[in-house]
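# Coordinate inspection notes
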Amino acid sequence: MNPGAGPAAPPDPAAARPPATLHVRFRTADGTPVGADRYEQLLGLLAQFTPVVEALPPDAALADVRGALRYFDRDAEGIAELIRLRALAWYGMRCTIGIGANPLLARMAAQTAPPGEIRAVPSDDGPLTSFLARRPASALYGVGPATARTLCAYGLDSVERIAAAPPATLQRILGARTGRAVHERARGIDPTPVTPNAPSRSMGAEHRFAHDELDPVRRRHALLSLADDLGARLRASGQAARTLTLTVRYADRTTTTRTRRLAEPTAHGPALTSAAYALHAALGLQRARVRALALRAEDLCRAELAARQLMFDPVDDKAHRIEAAVDRARARFGAGAVRPAAKLDGGAGPGWP
């Protein structure tokens, strides 16, 4: 690394420990998304090795296996190999597993691992610094396409250059909080613990484009389709969503995920569509080659328990009445009986339920 790149070893307490954080991504043998039921079974598989499992729907999880190293008399790579073999033998699932001293490094290791393989980021100062230096800015967790373009505009196109930049410079470019976080991550620092949780009750759908899609208008049509489908399914099940998550899969198979807390729990199609459009616009994907879009309604609650803000707006009331009429038509004549005018034909469905 260049002399001006700052300290060789990031002052992260986790770096002093043997790498024991796993980022596991599950995938079916043919590359299709993992269903919700199977995903819960795979989380149960991880729980056989450690209770410290953080679900990352729809197809990934973080696991802290420090407490399991002595019990299984294996290092983290040995435990990862057991997980990989059992997932394949018991469920027919392929696991790509990254291993690091903290969640950030485990995610980055998984990014560089070939599908179905295991890769560990070393905790020694020299190899760790070398690993980070070679990565592009977009490899840092939380740095999406828009942030990466902003950094590149200032010549900060690699993790090495970001780590060498003065923190004040990054804070001026990205804002105080984001700049500080990006600077720490460029040095391998991530104090975030693995937080045990259960997979949120959620409902989702995916649209896979026939070709890598560059047209933002067609992507918005796909989002309209997904939001309309999600709203209909939520209303049919008597549920409402408090949170909406958009996952974008690119031509190189990398993904970006963004989540927005809704103003109030809703199953109203236009509200879900508006939130989906806002998430898509915030990513700044003008030149991105998008392979697929997935929309997930999360943190679900019973619709009758969801408070609705009174609008006193005849347009809003009319939209809800029309939506109720559409639901009745679909219940009688089938889901395809009524569709939004701009909705794309085919390709959308509950791919990530």
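If you're wondering where the values come from, they're calculated on a predicted model, not measured in any experiment. (Residues numbered from 1 in each chain as written. Predicted model: local features only at pLDDT ≥ 70, side-chain atom pairs only at ≥ 80, totals over all residues. Heavy atoms only, no water.)

Under the counting rule described, the total for this entry stands at 12 salt bridges. Put simply, arginine 208 and glutamate 206 hold a salt bridge, and the shortest N to O gap is 2.0 Å. A relative accessible area of 46% means that arginine 208 is categorised as partly exposed. Residue aspartate 212 is joined to arginine 291 by a salt bridge in which the shortest nitrogen-to-oxygen separation is 2.6 Å. (Salt bridge = Lys/Arg side-chain N within 4 Å of Asp/Glu carboxyl O. Buried < 20%, exposed > 50% of the residue type's maximum accessible area, 1.4 Å probe, protein only.)

Turning our attention to the nonpolar core. The nonpolar side chains of a soluble globular protein tend to be buried with one another. Counting 30 residues, the largest nonpolar core has Leu234, Leu244, Leu246, Val248, Val290, Leu293 and Leu295 as the members making the most contacts within it. Of all the secondary-structure elements, those providing two or more residues to this core are strand S6 (202-213), helix H10 (216-236), strand S7 (239-250), helix H11 (269-283) and strand S9 (290-302). When residues in this core are grouped by element, the largest group, seven residues, is from H10. Apart from the residues within four sequence positions on either side, valine 290 is in contact with Phe209, His211, Asp212, Glu213, Arg219, Val248, Arg249, Tyr250 and Leu285. One finds Ala20, Phe26, Ile79 and Ala80 within the second-largest nonpolar core, a separate group that totals 28 residues. (Core = buried A, V, L, I, M, F, W, Y, C linked by side-chain atoms within 4.5 Å. Helix = DSSP H or I, 4+ residues; strand = E, 2+ residues; numbered from the N terminus. Contact = heavy atoms within 4.5 Å.)

The next point concerns the sheet that holds strand S4 (residues 93-100). In space, the five strands of this open sheet follow the order S2-S3-S1-S4-S5, with mixed pairing throughout. The open sheet has two free edges, formed respectively by strand S2 (53-56) and strand S5 (118-120), since each of these has just one partner strand. Pairwise comparison of adjacent strand axes, ignoring direction, gives a mean angle of 15° for this sheet. Of the strand pairs in this sheet, S4 and S5 are connected by three bridges, and their pairing is parallel. Counterpart to isoleucine 97 in the pairing with S5 is isoleucine 118. Packed onto the sheet, helix H1 (residues 36-47) meets strand S1 (21-28), S2, strand S3 (60-64) and S4 and runs at close to 160° relative to S2. Sheet strands touched by helix H3 (residues 76-91): S1, S4 and S5. Its angle to S4, the strand with the most contacts, is close to 165°. (Pairing = 2+ DSSP bridges. Axes fitted to C-alpha atoms, helices over the stretch in contact; angles between N-to-C directions.)

Positive phi is not limited to glycine here, since arginine 253 has a value of about 75°. Tracing the chain through its elements places arginine 253 in the loop between S7 and strand S8 (255-266). You can call arginine 253 exposed: its relative accessible area is 60%. Residues other than glycine seldom take positive phi values, yet aspartate 299 does so here, at roughly 50°.

At their nearest, the axes of helix H6 (residues 145-153) and helix H8 (residues 167-174) sit 11 Å apart, and the two run at 125° to each other. The angle between H6 and H8 falls in the class oblique. Handedness of the crossing formed by H6 with H8: right-handed. Each of Thr147, Thr150 and Leu151 in H6 lies in contact with H8, whose residues at this interface are Leu170, Ile173 and Leu174. Among the residues making up the contact of H6 with H8, the classes are represented as four nonpolar, two polar and no charged. (Parallel < 35°, antiparallel > 145°, perpendicular 65-115°, else oblique. Left-handed = near helix turned anticlockwise from the far one by under 90°. Nonpolar A, V, L, I, M, F, W, Y, C, P; charged D, E, K, R; others polar.)

Where S7 lies against S8, eight bridges are found, and the strand directions are antiparallel. Its bridge partner being in S8, threonine 247 is matched across the sheet by threonine 257. Connecting S7 to the antiparallel partner S8 that follows it, the hairpin turn spans four residues, and arginine 253 within it adopts a positive phi of roughly 75°.

Here we take up the confidence of the model for the protein. For the protein, the average pLDDT comes to 83, and 81% of its residues sit at 70 or higher. Scored below 50 in pLDDT, residues 1-11 shows 19 contacts in the model against residues more than four places distant or in partner chains. Throughout residues 344-353 the model reports pLDDT below 50, and contacts reaching past four residues in sequence, or to other chains, amount to 37 contacts. (pLDDT = per-residue confidence, 0-100.)

Let's shift gears to H1. Taking 1.5 Å per residue as the helical rise, H1 with its 12 residues ought to reach 16 Å, and the 17 Å between its terminal C-alpha atoms agrees with that figure. Within the span of H1, buried status applies to Tyr39, Leu42, Leu43, Leu45 and Leu46. Down the axis, H1 shows its buried residues gathered within 150° of arc, on one side only. Looking at the packing, one finds that the buried side of H1 touches S1, S2, S3, H3 and S4. (Expected span 1.5 Å × (residues − 1). Arc of directions from axis to C-beta.)

Attention now goes to the side chain of aspartate 190. Mapped onto the elements, aspartate 190 comes out in the loop between helix H9 (176-186) and S6. No salt bridge is formed by the buried aspartate 190, whose closest oppositely charged neighbour, arginine 185, lies at an N-O distance of 5.3 Å. Here leucine 104 takes part through its backbone nitrogen, which lies 2.9 Å from a polar atom of the side chain of aspartate 190. Within the structure, aspartate 190 has its side chain in polar contact with the side chain of threonine 192 (distance 2.9 Å). (Lys, Arg positive; Asp, Glu negative; His and termini not counted. Polar contact = N/O pair within 3.5 Å; in protein donor to acceptor, adjacent residues only side chain to side chain.)

Overall, the coordinates contain two aromatic pairs when judged by the stated rule. Ring geometry for phenylalanine 49 and phenylalanine 72: centres 5.1 Å apart, planes at 35°, overall tilted. Of this pair, phenylalanine 49 sits in the loop between H1 and S2 while phenylalanine 72 sits in helix H2 (residues 66-72); the two residues are 23 residues apart in sequence, bridging distant segments of the chain. Geometrically, the ring pair formed by tyrosine 71 and phenylalanine 72 is edge-to-face, given 5.1 Å between the ring centres and 75° between the ring planes. (Phe/Tyr/Trp six-rings, centres within 6.5 Å; stacked < 30°, edge-to-face > 60°.)

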